[in-house]
Amino acid sequence: MKRGLSVWYYRRIAAWASLFNFLDLAADYWLRIAALDPRNAQVWASLGFLKAEQGKRAEAEAFMRRALECDPNSAQTWFNLGFLRQETGDHAEAIACFERAVRGDGKIDRAWYGLAISLIKTGRLEEAIAALEKNTELQPMSPYGWYQLAHVYQRLGQPGHVEQIIRRLAGFEPKVAKQIEHETGIRTGAIASFH
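Structure report, in brief. (Residues numbered from 1 in each chain as written. Predicted model: local features only at pLDDT ≥ 70, side-chain atom pairs only at ≥ 80, totals over all residues. Heavy atoms only, no water.)

## With respect to the overall build of the chain
(1) Moving on: Per the secondary structure count, the chain includes eleven helices and zero strands.
(2) Moving on: Along the chain, from the amino end to the carboxyl end, the secondary structure elements read α-α-α-α-α-α-α-α-α-α-α.
(3) Moving on: Its C-alpha atoms give the chain principal-axis dimensions of roughly 70 × 35 × 25 Å.
(4) Moving on: Burial analysis of the chain (195 residues in total) assigns 47% to the buried set.
(5) Moving on: For the chain, restricting intrachain contacts to residue pairs at least 6 apart in sequence, the fraction spanning at least 24 positions comes to 40%.
(6) Moving on: In the structure as shown, the chain presents an accessible area of about 10600 Å², 54% of it carried by carbon and sulfur atoms.
(7) Moving on: The centroid of the 25 positive side-chain charges in the chain is displaced by 4 Å from the centroid of its 22 negative side-chain charges. (Helix = DSSP H or I, 4+ residues; strand = E, 2+ residues; numbered from the N terminus. Buried < 20%, exposed > 50% of the residue type's maximum accessible area, 1.4 Å probe, protein only. Contact = heavy atoms within 4.5 Å. Areas by Shrake-Rupley, 256 points an atom, 1.4 Å probe, with all protein chains shown as cover. Lys, Arg positive; Asp, Glu negative; His and termini not counted. Charge placed at Lys NZ, Arg CZ, Asp CG, Glu CD.)

Okay, here's the thing in C-alpha cells:
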C-alpha cells in the first residue's frame, strides 16, 4: 500500500511541477516513480517527453527507448521517438519510427505527417503522397498536410493536383491557398472571392 500511495503522491507532485513549469522538479519525481515502478512504460515516456520539453534531446531519446523496451507496441512513444530523430536529421530512423507508430495506431495524424516530411527529405515523394493523403483524411481542415501535398505534386510536375488543393484550401484557409499560389506560380482564381 505504501508503494502505491507514494506513486500516487509523486505523480501529483510531478503533474503540478510540470503545470507550473518546474521541469527539473517534475523530472525528479518521475525518476522517483521509475525507481518504484521500473517496468512502467508510461513513466519512461513521460520522462522522455519532459526532457524533450527541456530541450535535452539525448536524454529524451534515451527515456523514449527505455519506454519502448517496456512496451514495444506504444504507438505514441514510437511517434515521439520519430519526432526526436527527425529533429536531428536522421530521417531514415525517423521513417522507421513513424511507420511503427502508424502500424500501431493508424489514427495518429501527426505520425502520418512526420512520416511524410521525412519521406520528402529523403526524396521518396511518391511514398510521401500516400502518407500526406492519410494525414489529410484524418485532419481535413488542417492546412499543413495540404500545403506539403501541394508542394510534392508541384515537384512531381502535376499542376492539376496542386490546383485542386488550392481550390480546396481557398474554402477554409485562403491565406495558405494564396501562399501556395505564390510559391508555385499556379493561379486558380479561387481565392479572389475570399478577400
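## Observations concerning the state of the cysteines
(1) Moving on: By the definition in use, this model includes zero disulfides.
(2) Moving on: Just so you know, Cys70 is unpaired, no disulfide at all, and the nearest cysteine sulfur is the one on Cys97, 16 Å from it. (Disulfide = S-S within 2.5 Å.)

## Notes on helix α6 (residues 91–104)
(1) Moving on: Between the first and last C-alpha of α6 there are 20 Å, a value that for 14 residues agrees with the 20 Å anticipated at 1.5 Å per step.
(2) Moving on: Within α6 the residues assigned to the buried category are His91, Ala94, Ile95, Cys97, Phe98, Ala101 and Val102. Along α6, the residues classed as buried sweep out an arc of 165° about the axis, all on the same side. Of the residues in α6, the exposed ones pointing more than 90 degrees away from the buried face are Ala92, Arg103 and Gly104.
(3) Moving on: If you follow the buried residues of α6, they end up packed against α5 (75–87) and α7 (109–121). (Expected span 1.5 Å × (residues − 1). Arc of directions from axis to C-beta.)

## Quick word on the layout of surface pockets
Any empty space left between the atoms is revealed when a probe the size of a water molecule rolls over them.
(1) Moving on: In this structure, the largest pocket occupies an estimated 170 Å³ of space.
(2) Moving on: The wall of the largest pocket is formed by Phe49, Ala52, Glu53, Arg57, Met64, Phe79, Asn80, Phe83, Leu84 and Arg110.
(3) Moving on: Secondary-structure elements contributing two or more residues to the lining of the largest pocket are α3 (41–53), α4 (57–70) and α5.
(4) Moving on: Here the lining of the largest pocket takes four residues from α5, the largest share from any one element. (1 Å grid on protein atoms, 1.4 Å probe; cavity = no way out; pocket = protein on both sides within 12 Å on 5 of 7 lines; lining within 4 Å. Points joined across faces, edges and corners; volume = space filled by probe spheres on them.)

## Looking at the packing of aromatic side chains
(1) Moving on: A complete count under the given rule lists five aromatic pairs for this structure.
(2) Moving on: Seen from their ring centres, Trp16 and Phe20 are 5.8 Å apart, and the 15° between their planes marks the pair as stacked.
(3) Moving on: A residue is classified by how much of its surface remains accessible, and Trp16, at 51% relative accessible area, is exposed.
(4) Moving on: Seen from their ring centres, Phe79 and Phe98 are 5.9 Å apart, and the 40° between their planes marks the pair as tilted. Remark: Phe98 occurs in helix α6 and Phe79 occurs in helix α5; sequence separation between them is 19 residues.
(5) Moving on: An aromatic cluster is present here, built from Tyr9, Tyr10 and Tyr29 joined pairwise through their rings.
(6) Moving on: Taking NZ or CZ as reference, Arg32 lies 5.6 Å from the ring centre of Tyr10, over its face.
(7) Moving on: The positively charged end of Arg32 is found above the aromatic ring belonging to Tyr29, 4.3 Å away from the centroid. (Phe/Tyr/Trp six-rings, centres within 6.5 Å; stacked < 30°, edge-to-face > 60°. Lys NZ or Arg CZ within 6 Å of the ring centre and 35° of its normal.)

## Here we look at the pattern of salt bridges
(1) Moving on: Under the counting rule described, the total for this entry stands at twelve salt bridges.
(2) Moving on: Residue Glu59 pairs with Lys51 through a salt bridge whose shortest N-O separation is 3.5 Å.
(3) Moving on: Among the charged side chains, a salt-bridge network with shared partners connects Glu61, Arg65, Arg85, Asp90 and Glu93. (Salt bridge = Lys/Arg side-chain N within 4 Å of Asp/Glu carboxyl O.)

## Examining the packing of helix α9 (residues 143–155) against helix α11 (residues 174–184)
(1) Moving on: Here α9 crosses α11 at 20°, and the two axes come no closer than 11 Å. On the basis of the axis angle, α9 is roughly parallel to α11. Considering how the two elements wind past one another, α9 and α11 form a crossing that is right-handed. Taking contact as the criterion, the partners of Pro143, Tyr147, Ala150, His151 and Gln154 in α9 are, on α11, Val176, Gln179, Ile180, Glu183 and Thr184.
(2) Moving on: Taken together, the residues that form the contact of α9 with α11 break down as five nonpolar, four polar and one charged. (Axes fitted to C-alpha atoms, helices over the stretch in contact; angles between N-to-C directions. Parallel < 35°, antiparallel > 145°, perpendicular 65-115°, else oblique. Left-handed = near helix turned anticlockwise from the far one by under 90°. Nonpolar A, V, L, I, M, F, W, Y, C, P; charged D, E, K, R; others polar.)

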